[in-house]
Every structure is written in structure tokens, then in C-alpha cells.
Amino acid sequence: LNQTVCLEGHFCDLSDTKDVEDVGTSLEGDANKLAYCVTDVPPWYLCIFLGIQHCLTAFGGIIAIPIILSQGLCLQHDALTQSHLISTIFFVSGICTLLQVVFGVRLPILQGGTFTLLAPSMAMLSMPEWTCPAWTHNASLVNTTSPEFTEVWQTRMRALQGSFIMGSLFQMFVGFSGLIGHFMRFIGPLTIAPTISLIGLSLFDSAGTSAGYHWGVAVMTTALITLFSQYLRHIPVPIPAYSIHKKLQFTRVLLGIVFSWLICYILTAYDVLPTDPENYGYLARTDLKKDVISKAPWITFPYPCQWGMPTVSLAGAVGILAGVISSMIESVGDYHACARLSGAPPPPKHAINRGIGMEGLGCLLAGAWGTGNGTTSYSENVGALGITKVGSRMVILFSGVLMVVMGMMGKVAAIFTTIPEPVMGGMFLVMFGVISAAGVSNLQYVNMNSSRNIFVFGFSMFSALVIPNWILKHPEAISTGLVELDQVLQVLLTTSMFVGGFIGFILDNTIPGSKHERGILAWNEAHEGDFSNTLESREVYNLPFGISTYFSSFPWLRHIPFCPPGPCTNSQTTLSTYNVGVHWWS
């Protein structure tokens with residue numbers, strides 16, 4: 001590790017230029033030097049400012065999930081309930097972020113809703129028994145305050161909640177028991193690539209539906225996002241956001257959305273957009289949900305079981321389980337990327353175990369509160385560390401607090417629901433496309449000149465598009481005589497990411513091929529070595545409040561997979577661990 005270790009336990013340099021280039025954050029000269037490292041504490045005003053910036057970075061992904069999910073929950077015409085869902089997911093994401101940074105992997109990594117779990121959720125809600133009644137698609141027939149309508153969407157939400165709670169128990173077991181390391185030995189790039197790519201590809205229908213309400217606005221949104229995030233990415237934009245090397249940076253995807261939103265507002269004000277609901281482009285107007293802001297409370301407090309007691313569905317639980325496994329795989333990669341960009345040593349096994357277990361606890365909380373989703377590590381915010389050059393976990397703690405506060409501000413969430421559908425559709429085109437490409441990027445470790453690898457990847461991808469499409473068109477084809485088994489197969493076979501990941505996993509582990517050819521050696525290179533018993537690692541990953549020191553005093557506790565493997569062996573280490581325990585915020 002080419003990292004400078006100060007007496008105070010600061011890690012001030014990124015590992016090397018090559019590693020930074022791998023995550024797209026390469027700069028010249030002194031740009032590789034972090035302004036604040038993982039254990040540093042920036043000034044309070046900078047923590048608040050950067051915390052806001054991280055929230056804005058996660059903004060698009062967090063609000064997109066409830067909006068997409070509302071289609072399956074029959075909430076298309078209930079903007080007020082959509083705002084409640086947005087408040088809830090912000091609130092829970094904030095709590096999970098605080099838990100992850102303080103007691104989990106302890107890296108500056110934000111937690112939030114995930115599209116990995118959205119795909120199986122939508123597959124579950126597409127089952128015949130959960131199909132929305134025809135009258136819920138007609139705005140004139142929907143009475144959002146009627147008990148009938150409330151029961152329609154809340155029964156679906158409660159079924160999702162129970163499924164997430166069951167899936168979270170599995171993730172907690174895998175994390176806190178240390179099984180994640182055994183799973184990762186059998187999962188290579190040829191399994192991960194189709195799984196992640198199909199998360200984005202499986203949501204093409206939602207993107208097309210939203211964009212199709214006004215293709216002109218959707219294309220404009222896509223063009224603005226592309227302009228700000230790609231063509232102008234090296235040009236400072238005069239909007240307040242912090243970067244140590246470029247004093248004016250901004251979350252450019254959000255900037256594109258705001259500009260499109262503003263243009264739609266102008267077109268609405270001058271009645272350029274149609275006022276007749278039957279005309280094309282009507283849903284691009286910004287005044288369709290203006291009453292939501294006035295109806296939404298100033299202060300709201302999401303609480304567990306606010307939609308009723310969760311119900312358990314075997315089919316839903318198994319379907320969510322497929323998403324949970326994919327989420328765990330993705331998070332392990334995020335931990336290593338975050339460690340590189342925050343100047344921390346590679347995360348040891350016990351920290352990874354804690355991180356995955358804490359994400360499982362986050363999914364449990366999300367299920368209990370009723371977000372309609374789980375939580376996972378946000379790759380977008382990991383990338384933001386490379387831009388700001390501030391890797392302090394204190395900043396992410398502020399982000400967590402800010403998200404909790406935002407979750408209690410009902411009118412803020414209501415404002416988000418007024419974003420026109422075509423603007424969201426344009427954002428989906430970019431966002432889901434990037435997710436699909438991110439999955440394919442894992443093939444850089446694989447020898448794609450090999451006919452074996454081309455076959456595995458190509459067959460996995462194509463089968464994962466064909467099979468779910470056919471099952472959705474012929475739901476009666478699955479008939480084993482057992483209703484519960486039929487439901488399980490229905491959910492799994494209509495979840496593209498499960499089909500693609502499962503086929504890729506089976507083929508990659510059964511068709512003969514060397515580890516070098518399969519990309520296993522290159523993939524595992526970043527995971528090799530055990531840095532768990534070094535001073536640098538203890539400074540970053542030991543539990544706060546002296547908990548690790550307490551564990552080290554009991555020999556049998558050292559074997560728990562989420563605890564440091566050995567005791568403190570010298571006075572310097574003891575002092576270091578004590579400092580981390582007392583000054584946990586650093």
C-alpha cells in the first residue's frame with residue numbers, strides 16, 4: 001500500500017494512479033492526494049455542505065424507486081401516498097447510513113434503495129393475483145381516500161414488506177456468519193456481468209412508459225443530462241458544490257433534471273403543453289400535482305408497520321432472495337472501491353461481514369417501515385469521493401442525518417412527486433443504461449476472445465430476456481399442481497436478473513475453463529491479502545466506543561466473523577484502538 005500513515009492514523013494518499021483510473025477519477029499531479037481521509041474530521045460547515053452534495057447525488061436513484069413501484073402498487077393516481085413513500089425511503093436510508101458508517105463496514109459509503117431489489121418486486125407484483133384492478137388505472141374513478149382503494153395498495157405493500165423482512169434475515173445470517181466469503185469463491189465476472197446488466201435492461205418498460213408521455217421532453221432531459229455529465233464534465237459549472245481541485249462542481253445528472261423541470265414549468269405557464277388530459281403531452285405539465293404540496297404535512301414521522309402488519313408470501317420471499325444475493329455481491333465491490341477512494345486499507349473480512357450483515361439489518365428496517373424496497377451501498381456516492389477528494393466518513397454521517405431530516409419533511413417529498421413523468425423517463429433512459437453498462441464493464445476481467453466466455457455471457461443474457469417475456473405472456477404455462485410452487489417459479493422466471501445470473505453461474509462453474517480465462521484471478525486480485533491485523537486497518541475498521549478492545553479481552557469472541565481476529569498486541573495499537581473507540585466520529 002502506497003499510503004502515508006501519520007501518527008494520528010491518517011491515510012492521506014490514494015493507493016496509486018492506476019487504481020484511481022479504474023473508477024474514472026484520475027486527475028493529474030497532486031490530484032491523487034486526498035484533502036480529507038477516512039478518519040479525518042473536516043470543519044463542520046464543510047461536512048454539512050458535502051453531506052448535502054452526497055444527498056443530491058443519491059437523489060435520483062432514491063426517488064425513482066417509489067415512483068416506479070407506484071405502478072405495481074396501483075398508486076399511479078395517488079401522488080400524496082407517493083410522497084409518503086418518498087419520505088419513508090429517505091428516512092430509512094438515513095438511519096441505515098448511520099448504522100453502516102458507525103457499526104458496519106465503517107467506510108464513507110451511503111445507503112439507499114436499490115434497483116437490484118426493484119426488479120423482483122415488480123416481478124412479484126406482476127403475478128395474476130396482484131394485478132391492479134382496472135378502475136385504478138382511471139384517474140376519474142380513483143378515490144384516494146376510500147377504504148377500498150387504501151386496501152388495494154396496502155395489501156400489496158404489506159406483501160412486499162414481509163418478503164423483504166424474510167430476505168433480510170438471510171442477508172444478516174450470511175453477513176454475520178461470515179458465509180459471504182464462501183459465496184464469493186464461486187461467483188466470478190461471468191455471473192456478475194449479466195446479473196447487474198439485466199437490472200437495467202429489465203426496467204426498460206418503465207423507462208419507455210414514462211418517456212412515452214412526451215418524447216420531446218424525455219429526449220430533452222436525456223440531452224441535458226448527457227451535456228452536463230459528459231460533454232461539460234471538465235468545465236466548472238457556477239452552482240455551489242465543493243471539490244478540492246475544482247472549486248465549483250455539481251451533481252450534473254441532477255442539474256439536467258432541474259433544467260428540464262424548469263423548461264416544463266415555463267411551457268406549462270404559457271400553455272404550450274396541452275390542457276386536455278386526452279391529448280398527447282398532457283403529463284409533461286408541472287401543475288398536475290400542485291395540490292399535493294398543499295395537502296402534504298410539514299412534518300411527518302414514518303414508523304414501523306405504518307401500512308399495517310406485514311404478510312409473508314413464499315413466492316415473494318424467494319424472489320426477493322434472488323435480489324438480496326445480487327445486492328450482496330455488488331456491495332462487496334463497492335466496499336473495495338470506497339476504500340481505495342477514501343485512502344483506507346482494503347477492507348478485511350470481518351469488516352466486510354459486518355457491512356453485509358448491517359445491510360441485511362437495513363433491509364429489515366426498510367421492510368418494517370414499508371419503503372417497498374431494501375437498502376444497499378450506493379455506487380454513485382463512491383464515485384463522488386473521487387471528485388471531491390474528501391473521504392471522511394464524518395461527511396457521510398452528516399448525509400445520513402440530513403436524509404433522516406428530509407424524511408420527516410413531508411412537503412419536501414411532495415415537491416419531488418411533481419416532477420413530470422417524461423422528465424423522469426429521460427432520467428431513466430440514462431440511469432438504467434448506465435446500470436446495464438456497469439454490469440458489462442465487469443467483463444474487463446474476462447478473456448472475451450474465448451469462445452467459451454462469449455457463449456456463457458451471450459446465452460445468459462439472451463435467455464434472461466426470452467424466458468421472462470414468454471412467461472409473462474403465458475402465465476398459465478406453469479402448473480405443477482402446487483399453488484405455492486407455481487407462484488415461486490412465476491416470480492423467479494419473470495425476474496430477468498435471476499434467470500441471467502443463475503444460468504451464468506451454472507455455466508461458468510461447469511463448463512471447463514481456467515481461472516485466468518474466466519477472469520477469476522483478476523477479479524480476486526483486489527480481495528487477496530489479510531490486512532485485518534495492521535495498525536492502519538484497526539484505525540479504520542475497528543468498532544467504535546472501545547467495542548473492539550472489549551472483544552479482544554475475550555479469546556472466544558475473537559472468532560466471531562464480524563470481529564477483529566486478534567487482540568491488541570502493543571501499546572501503540574492499544575492507544576490507536578482506544579482513540580478510535582472514544583473519538584468514533586473520526
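As the structure is a computational prediction, the values presented were derived from the model and not from experiment.

S.K.: Pulling in residues and values, what's your account of the overall build of the protein chain?
M.R.: The helix and strand tally for the protein chain stands at 25 helices and two strands. The proportion of buried residues among the 586 residues of the protein chain is 55%. Counted over contacts in the protein chain with a minimum sequence separation of 6, partners at least 24 positions apart contribute 81%.

S.K.: An account of the pattern of salt bridges is requested, with residue identities and associated values reported.
M.R.: What the rule picks out here adds up to six salt bridges. The partner of Arg285 in a salt bridge is Asp271, with the nearest N and O atoms 3.4 Å apart. Taken together, the positions of Arg285 in the loop between α10 (252-269) and α11 (290-295) and Asp271 in the loop between α10 and α11 put the pair 14 residues apart, joining distant regions of the chain. Residue class for Arg285 comes out buried when judged on its relative accessible area of 7%. According to the relative accessible area criterion, Asp271 is partly exposed, its value standing at 49%. Each of the salt bridges in this network shares a partner with another, and the network as a whole consists of Asp271, Arg285 and Asp287.

S.K.: Describe the side chain of Asn442, listing the residues and the values that go with them.
M.R.: Mapped onto the fold, Asn442 is located in the loop between α17 (421-440) and α18 (451-473). In terms of polar contacts, Asn442 uses its side chain to reach the backbone carbonyl oxygen of Ala438, at 3.2 Å. Non-local contacts of Asn442, meaning those with residues more than four positions away in its chain, are made with Pro189, Ile192, Ala193, Ile196 and Trp523.

S.K.: An account of unusual backbone geometry is requested, with residue identities and associated values reported.
M.R.: Non-glycine residue Arg106 carries a positive phi angle of around 70°. Summarising the element assignment, Arg106 is placed in the loop between α3 (79-103) and β1 (111-112). Looking at Arg106, the relative accessible area reads 1%, which means it is buried.

S.K.: How would you explain the state of the cysteines if you had to name every residue and give the values?
M.R.: Summed over all chains, the structure comprises one disulfide. Paired by a disulfide, Cys74 and Cys132 hold their sulfur atoms 2.1 Å apart. Taking the sign of the torsion about the S-S bond as the criterion, the disulfide between Cys74 and Cys132, at about -95°, is left-handed. Placement of Cys74 in the loop between α2 (44-72) and α3 and of Cys132 in the loop between α4 (115-125) and α5 (147-177) is noted, with a sequence separation of 58 residues between them.

S.K.: Go over the side chain of Gln82 with me, naming the residues and quoting the values.
M.R.: If you trace the backbone, Gln82 turns up in helix α3. The buried category is assigned to Gln82, whose relative accessible area is 4%. In terms of polar contacts, Gln82 uses its side chain to reach the backbone carbonyl oxygen of Leu75, at 2.8 Å. In contact with Gln82, other than residues within four places in its own chain, are Ser70, Leu75, Gln76, Lys289 and Thr417.

S.K.: Summarise the packing of aromatic side chains; cite the residues concerned and give the values.
M.R.: Using the criterion set out here, one finds 12 aromatic pairs in the structure. Ring plane angle 70° and centroid distance 4.8 Å describe the contact between Phe59 and Phe416, whose orientation is recorded as edge-to-face. Within this pair, whereas Phe59 is found in helix α2, its partner Phe416 is found in helix α16 (residues 410-417), the two being separated by 357 residues in sequence. What makes Phe59 buried here is its relative accessible area of 7%. Among the residues examined, Phe416 registers a relative accessible area of 11% and is labelled buried. Ring centres of Phe90 and Phe416 lie 5.9 Å apart, and the angle between their planes is 40°; on these two criteria the pair is classed as tilted. Here Phe90, found in helix α3, pairs with Phe416, found in helix α16; they are 326 residues apart in sequence, far enough to count as distant. We note that Phe90, like Phe416, is buried.

S.K.: Residue-level account of the environment of Ser83, with values.
M.R.: Among the secondary structure elements, Ser83 is positioned in helix α3. For Ser83, a relative accessible area of 1% translates into the label buried. In sequence terms Ser83 and Thr417 are 334 residues apart; their C-alpha atoms lie 6.2 Å from each other. Setting aside residues up to four positions removed in sequence, Ser83 forms contacts with Ala413, Ala414 and Thr417.

S.K.: Give a description of the nonpolar core that names residues and reports values.
M.R.: With 116 residues, the main nonpolar core has Leu107, Phe115 and Phe432 as its most contacted residues. With 13 residues, α2 is the single largest residue contributor to this core. Ignoring any residue separated from it by four or fewer positions in sequence, one finds Phe115 in contact with Gly61, Ala64, Ile65, Ile68, Ile199, Leu203, Met431, Phe432 and Ile435. Judged by nonpolar contacts, the second largest core, of eight residues, contains Phe91, Leu365, Ala366 and Val404.

S.K.: Quick rundown of helix α9 (residues 215-231)? Include the residues and the values.
M.R.: Compared with the 24 Å implied by 1.5 Å per residue over 17 residues, the 22 Å span of α9 between its first and last C-alpha is a close match. Every buried residue belonging to α9 is among Val217, Ala218, Thr221, Thr222, Leu224, Ile225, Phe228 and Ser229, and all of these are buried. Taken around the axis of α9, the buried residues stretch over an arc of 160°, which confines them to a single face.

S.K.: Lay out a nonpolar patch on the surface with the relevant residues and their values.
M.R.: Taken together, the side chains of Leu262, Tyr265, Ile266, Tyr270 and Val272 define a hydrophobic patch exposed on the protein surface, amounting to about 590 Å² of accessible area. Assignment of secondary structure puts Tyr270 in the loop between α10 and α11.

S.K.: Pulling in residues and values, what's your account of the environment of Gly188?
M.R.: Summarising the element assignment, Gly188 is placed in the loop between α6 (180-184) and α7 (189-201). The spacing of Gly188 and Ala522 is 334 residues in sequence and 9.8 Å in space, taken between C-alpha atoms.

S.K.: Quick one: what's the story with the packing of α3 against helix α15 (residues 393-407), residue by residue and with numbers?
M.R.: Direction vectors running N to C along α3 and α15 enclose 155°, while the axes themselves pass 7 Å from each other. With respect to α15, the element α3 is oriented roughly antiparallel. Two packed elements cross with a definite hand, and for α3 against α15 that hand is left-handed. Note on element contacts: α15 touches α3 through Arg393, Ile396, Leu397, Gly400, Val401, Met403, Val404, Met406 and Gly407, opposite Ser87, Phe90, Phe91, Ser93, Gly94, Ile95, Thr97, Leu98, Val101 and Val102. Class assignment for the residues of the contact of α3 with α15 results in 12 nonpolar, six polar and one charged.

S.K.: Lay out the confidence of the model for the protein chain in plain terms, naming residues and giving numbers.
M.R.: Taken over all residues, the pLDDT of the protein chain has a mean of 81, while the share at 70 or more is 82%. When mean pLDDT is taken per element in the protein chain, α3 scores highest with 94 and helix α25 (residues 571-582) scores lowest with 36. Residue range residues 14-31 is modelled with pLDDT below 50. Its contacts to residues more than four positions away, or to other chains, number 32 contacts. Considering only residues more than four positions removed or in separate chains, one finds that residues 529-533, a stretch of pLDDT under 50, has 11 contacts.

Cut-offs and rules
Residues numbered from 1 in each chain as written. Predicted model: local features only at pLDDT ≥ 70, side-chain atom pairs only at ≥ 80, totals over all residues. Heavy atoms only, no water. Helix = DSSP H or I, 4+ residues; strand = E, 2+ residues; numbered from the N terminus. Buried < 20%, exposed > 50% of the residue type's maximum accessible area, 1.4 Å probe, protein only. Contact = heavy atoms within 4.5 Å. Salt bridge = Lys/Arg side-chain N within 4 Å of Asp/Glu carboxyl O. Polar contact = N/O pair within 3.5 Å; in protein donor to acceptor, adjacent residues only side chain to side chain. Disulfide = S-S within 2.5 Å. Phe/Tyr/Trp six-rings, centres within 6.5 Å; stacked < 30°, edge-to-face > 60°. Core = buried A, V, L, I, M, F, W, Y, C linked by side-chain atoms within 4.5 Å. Expected span 1.5 Å × (residues − 1). Arc of directions from axis to C-beta. Patch = residues over 30% accessible without salt bridge, like charges linked within 9 Å, V, L, I, M, F, W, Y side chains within 5 Å. Areas by Shrake-Rupley, 256 points an atom, 1.4 Å probe, with all protein chains shown as cover. Axes fitted to C-alpha atoms, helices over the stretch in contact; angles between N-to-C directions. Parallel < 35°, antiparallel > 145°, perpendicular 65-115°, else oblique. Left-handed = near helix turned anticlockwise from the far one by under 90°. Nonpolar A, V, L, I, M, F, W, Y, C, P; charged D, E, K, R; others polar. pLDDT = per-residue confidence, 0-100.

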